[in-house]
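Notes for the structure review
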Amino acid sequence: MNKQLEIFTNGFVKENPLLVLNIGLCSSLGVTTSIFNGIGMGLGMTFVLLMSEIVISIFRKHIPGSIRLPVFIIIIAAFTTIVQLVLNAYVESLYEALGVFLPLIVVNCIIMGRVESFSSKNNVGNSILDALGMGIGYSMVLIIISFIRELLGAGTLFAGTGFKLELIPEAYRIGIMNSAPGGFLAFGFLGALVQAGKNHSAQKKNKEAAK
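Only a predicted model underlies this, so the values are computations on that prediction, with no experimental measurement involved.

Ranked by size, the top nonpolar core spans 38 residues in total, and within it Met 41, Val 48, Leu 98, Ile 111 and Tyr 138 carry the most contacts. Looking at this core, the elements with two or more residues in it are α3 (35–58), α4 (68–90), α5 (92–98), α6 (109–119), α7 (124–154) and α8 (180–210). The dominant element in this core, judged by the number of residues it contributes, is α3, at 8 residues. Residues within four places of Leu 98 in sequence aside, it is in contact with Val 31, Asn 37, Gly 40, Met 41 and Leu 87.

Here you go:
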């Protein structure tokens, strides 16, 4: 049970794909101008990761090593296409907002990295836990970055939905948060907080060991 819990929670902080592993950064900087976009991208990526890990784990012993990467890409592309078609049919505003970053899920380093290093070597149960943990960790970071950028850059929350809130007058908004540099600023701030937490934890362990 402890092993399963560790697999599930690894993606939250310890091996968070964005803040710790620093992979899949394009989407975190490109689509996080609103919480709506962040949630949509997080759910889409999590679905593709989950389904890809399940399928690859099931057939891992039947996929020849020499062609494993092309097979992985085909599987990931199939589920990415499903996400695109569903969003285009039912949530067209989100489909248009995510733009090119939606099909780029196919080559997202997070998905390719997890199917190569984990699901291709582990059973279905553990692969599901890994996919959910990584997906939740990825989504949490996207939502936090989106919250910071939308609030400070646009002065709103939940733009693009029926629950839009305007909280900051236009004169007090920080326009740079709506552009790529704003994404880097928000990401850097979160990364610094995580690193500070890890340093504090390491220092605490060292002090306890010294005693």
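Turning our attention to the environment of Pro 103. Take Pro 103: it is sitting in the loop between α5 and α6. Given a relative accessible area of 33%, Pro 103 falls into the partly exposed group. Sequence-distant contacts of Pro 103, that is, excluding residues within four places in its chain, are made with Thr 80 and Gln 84.

Summed over the entire model, instances satisfying the criterion amount to 5 salt bridges. For the salt bridge of Lys 14 with Glu 6, the shortest nitrogen-to-oxygen distance reads 3.7 Å. Here Glu 116 and Arg 68 are joined by a salt bridge, their closest N and O atoms 3.1 Å apart. With a gap of 48 residues between them, Glu 116 in helix α6 and Arg 68 in helix α4 connect regions that are remote in the sequence. Glu 116 gets classed as partly exposed once you look at its relative accessible area, which sits at 23%. The exposure class assigned to Arg 68 is partly exposed, which follows from its relative accessible area of 33%.

Further remarks concern the packing of helix α1 (residues 2–9) against α7. Look at α1 against α7: their axes get within 6 Å of each other, and the N-to-C directions meet at 35°. Where α1 approaches α7, its residues Lys 3, Gln 4, Ile 7 and Phe 8 are matched on the opposing element by Asn 126, Leu 129, Asp 130, Leu 132, Gly 133 and Ile 136. Grouping the constituent residues of the contact of α1 with α7 by class yields 5 nonpolar, 3 polar and 2 charged.

Where α3 meets α4, the axes come as close as 9 Å, and the angle between the chain directions of the two elements is 140°. The pairing of α3 with α4 is recorded here as oblique in orientation. Of the two elements, α3 crosses α4, and the hand of that crossing is right-handed. Facing Gly 44, Phe 47, Val 48, Met 51, Ser 52, Val 55 and Ile 56 of α3, the residues of α4 in contact are Phe 72, Ile 75, Ile 76, Phe 79, Thr 80, Ile 82 and Val 83. For the contact of α3 with α4, the per-class residue count stands at 11 nonpolar, 3 polar and no charged.

A separate point is the side chain of Asn 37. Checked against the element boundaries, Asn 37 lands in helix α3. Those residues within four positions of Asn 37 in sequence are excluded, and the remaining contacts are Val 31, Leu 94, Ala 97 and Leu 98.

With 31 residues, α7 extends 43 Å from end C-alpha to end C-alpha; this agrees with the ideal 45 Å at 1.5 Å per step. Near the N-terminus of α7, the side chain that reaches the backbone nitrogen of Gly 125, with its oxygen 3.2 Å away, is that of Asn 123. Downstream of α7 by a residue or two, Gly 155 has a phi angle that is positive, lying close to 70°.

Cut-offs and rules
- Residues numbered from 1 in each chain as written.
- Predicted model: local features only at pLDDT ≥ 70, side-chain atom pairs only at ≥ 80, totals over all residues.
- Heavy atoms only, no water.
- Core = buried A, V, L, I, M, F, W, Y, C linked by side-chain atoms within 4.5 Å.
- Buried < 20%, exposed > 50% of the residue type's maximum accessible area, 1.4 Å probe, protein only.
- Helix = DSSP H or I, 4+ residues; strand = E, 2+ residues; numbered from the N terminus.
- Contact = heavy atoms within 4.5 Å.
- Salt bridge = Lys/Arg side-chain N within 4 Å of Asp/Glu carboxyl O.
- Axes fitted to C-alpha atoms, helices over the stretch in contact; angles between N-to-C directions.
- Nonpolar A, V, L, I, M, F, W, Y, C, P; charged D, E, K, R; others polar.
- Parallel < 35°, antiparallel > 145°, perpendicular 65-115°, else oblique.
- Left-handed = near helix turned anticlockwise from the far one by under 90°.
- Expected span 1.5 Å × (residues − 1).
- Polar contact = N/O pair within 3.5 Å; in protein donor to acceptor, adjacent residues only side chain to side chain.

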